[in-house]
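Observations on the model geometry
Chain residues, written in single-letter form:
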Amino acid sequence: MAESLAFSKTSGRETLYKEIIPQIKSLVEGESDLIANLANITAVLKEAFGFLWVGFYLEKGGQLVLGPFQGPLACTRINFDQGVCGHAYTTQEIVIVPNVDEFPGHIVCSSASRSEIVLPIFDKSGEIFGVLDVDSDRLSDFSETDAQGLSRITDIITKIL
Ligand code: SME
């Protein structure tokens, strides 16, 4: 297993995704434990992009329950009809929120959060399994580049579920 990440600190996001995705693949392919892999994925995303908060909420007993994350303290349980995470889970679509204050029902975990992207994660049978949530302290920080780059990461997760 690689002990450190290699990426160019001055690169734009598109290049950064290209640089880190092969490293994420090789990190997870040698490890069968899901939580260990999700934990390392949050560490890679936090280190490479410096996002405010990166983490997983996984479906357990009819709710989304906090999984591995990096960043400030977060709420532990989210109902499917709550927040951006619940919206991404129920619609099974990627949700980009340019300004969290304008999203009805947004759950404030950190007052520093300004924008957010949430991606659904599916298992191999196509059933929704949980979500990947990324928060930024900057307004309008997420674009189609992030949707595509992070989708490649959720696709890697599907393969190890
Ligand atoms: N803001 C999210 C809740 C999770 S935190 O941002 C870590 C939401 O509205 O679903």
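Conventions and cut-offs
Residues numbered from 1 in each chain as written. Predicted model: local features only at pLDDT ≥ 70, side-chain atom pairs only at ≥ 80, totals over all residues. Heavy atoms only, no water. Axes fitted to C-alpha atoms, helices over the stretch in contact; angles between N-to-C directions. Helix = DSSP H or I, 4+ residues; strand = E, 2+ residues; numbered from the N terminus. Parallel < 35°, antiparallel > 145°, perpendicular 65-115°, else oblique. Contact = heavy atoms within 4.5 Å. Nonpolar A, V, L, I, M, F, W, Y, C, P; charged D, E, K, R; others polar. Disulfide = S-S within 2.5 Å. Buried < 20%, exposed > 50% of the residue type's maximum accessible area, 1.4 Å probe, protein only. Core = buried A, V, L, I, M, F, W, Y, C linked by side-chain atoms within 4.5 Å. Pairing = 2+ DSSP bridges. Salt bridge = Lys/Arg side-chain N within 4 Å of Asp/Glu carboxyl O. Expected span 1.5 Å × (residues − 1). Bend = angle between axes of the 7 residues up to and from the residue.

**So, the packing of helix α1 (residues 13-29) against helix α4 (residues 144-160)**
In the contact formed by α1 and α4, the axes pass within 10 Å of each other and the chain directions differ by 5 degrees. Between α1 and α4, the angle is such that the two are roughly parallel. Contact with α1, carried on its side by Arg 13, Glu 14, Tyr 17, Ile 20, Ile 21, Ile 24, Lys 25 and Val 28, involves Thr 145, Asp 146, Gly 149, Leu 150, Arg 152, Ile 153, Ile 156 and Ile 160 of α4 and no other residues of that element. Each residue belonging to the contact of α1 with α4 can be placed in one class, and the counts come to nine nonpolar, two polar and five charged.

**Considerations on the state of the cysteines**
Disulfides are covalent bonds that link the sulfur atoms of two cysteine residues. Summed over all chains, the structure comprises zero disulfides. Left without a disulfide partner, Cys 85 is nearest to the cysteine sulfur of Cys 75, which lies 7.4 Å away. Cys 85 gets classed as buried once you look at its relative accessible area, which sits at 4%. Here Cys 109 stays free of any disulfide, with the sulfur of Cys 75 as its closest cysteine sulfur at 3.3 Å.

**Quick word on the nonpolar core**
Of all hydrophobic cores here, the largest spans 29 residues; its most connected members are Ile 20, Leu 45, Leu 132, Leu 150 and Ile 153. At the level of elements, α1, α2 (34-49), β1 (53-60), β5 (115-122), β6 (128-136) and α4 are the ones that each hand at least two residues to this core. Discounting chain neighbours no more than four positions away, the residues touching Leu 45 are Ile 20, Gly 50, Phe 51, Val 54, Leu 132, Leu 150 and Ile 153. Counting residues in hydrophobic clusters, the runner-up holds 18 residues, among them Tyr 57, Cys 85, Ala 88 and Phe 103.

**Quick look at the sheet that holds β5**
Read across the sheet, six strands follow the order β3-β2-β1-β6-β5-β4 without closing on themselves; strand pairing throughout is antiparallel. Of all the strands in the sheet, just β3 (77-78) and β4 (95-97) have a single pairing partner and so form its edges. Sheet topology note: the β4/β5 ladder contains three bridges and is antiparallel. Looking at the pairing, Val 97 lines up with Glu 116 of β5. Packing of α4 onto the sheet brings it into contact with β1, β4, β5 and β6, and relative to β5 it is tilted by some 30 degrees.

**Regarding the side chain of Thr 154**
Mapped onto the elements of the fold, Thr 154 is located in helix α4. For Thr 154, a relative accessible area of 6% puts it in the buried group. Excluding anything up to four places from it in sequence, Thr 154 contacts Leu 119, Pro 120, Ile 121 and Leu 132.

**A few points about the pattern of salt bridges**
Summed over all chains, the structure comprises three salt bridges. Between Arg 138 and Asp 141 there is a salt bridge; the shortest N-O distance is 3.1 Å. Given a relative accessible area of 48%, Arg 138 falls into the partly exposed group. Take Asp 141: its relative accessible area is 12%, and that puts it in the buried class. Within the structure, one salt-bridge network assembled from shared partners comprises Arg 13, Arg 138, Asp 141 and Asp 146.

**Let's talk about α1**
End to end, α1 covers 24 Å across 17 residues, agreeing with the expected 24 Å (1.5 Å per residue, within 8%). Taken as a whole, α1 carries its principal kink of about 25 degrees at Ile 20; the proline Pro 22 stands between one and four residues after it. Those residues of α1 not exposed but buried are Arg 13, Leu 16, Tyr 17, Ile 20, Ile 21, Gln 23, Ile 24, Leu 27 and Val 28. Those residues of α1 hidden inside the fold are in contact with α2 and α4.

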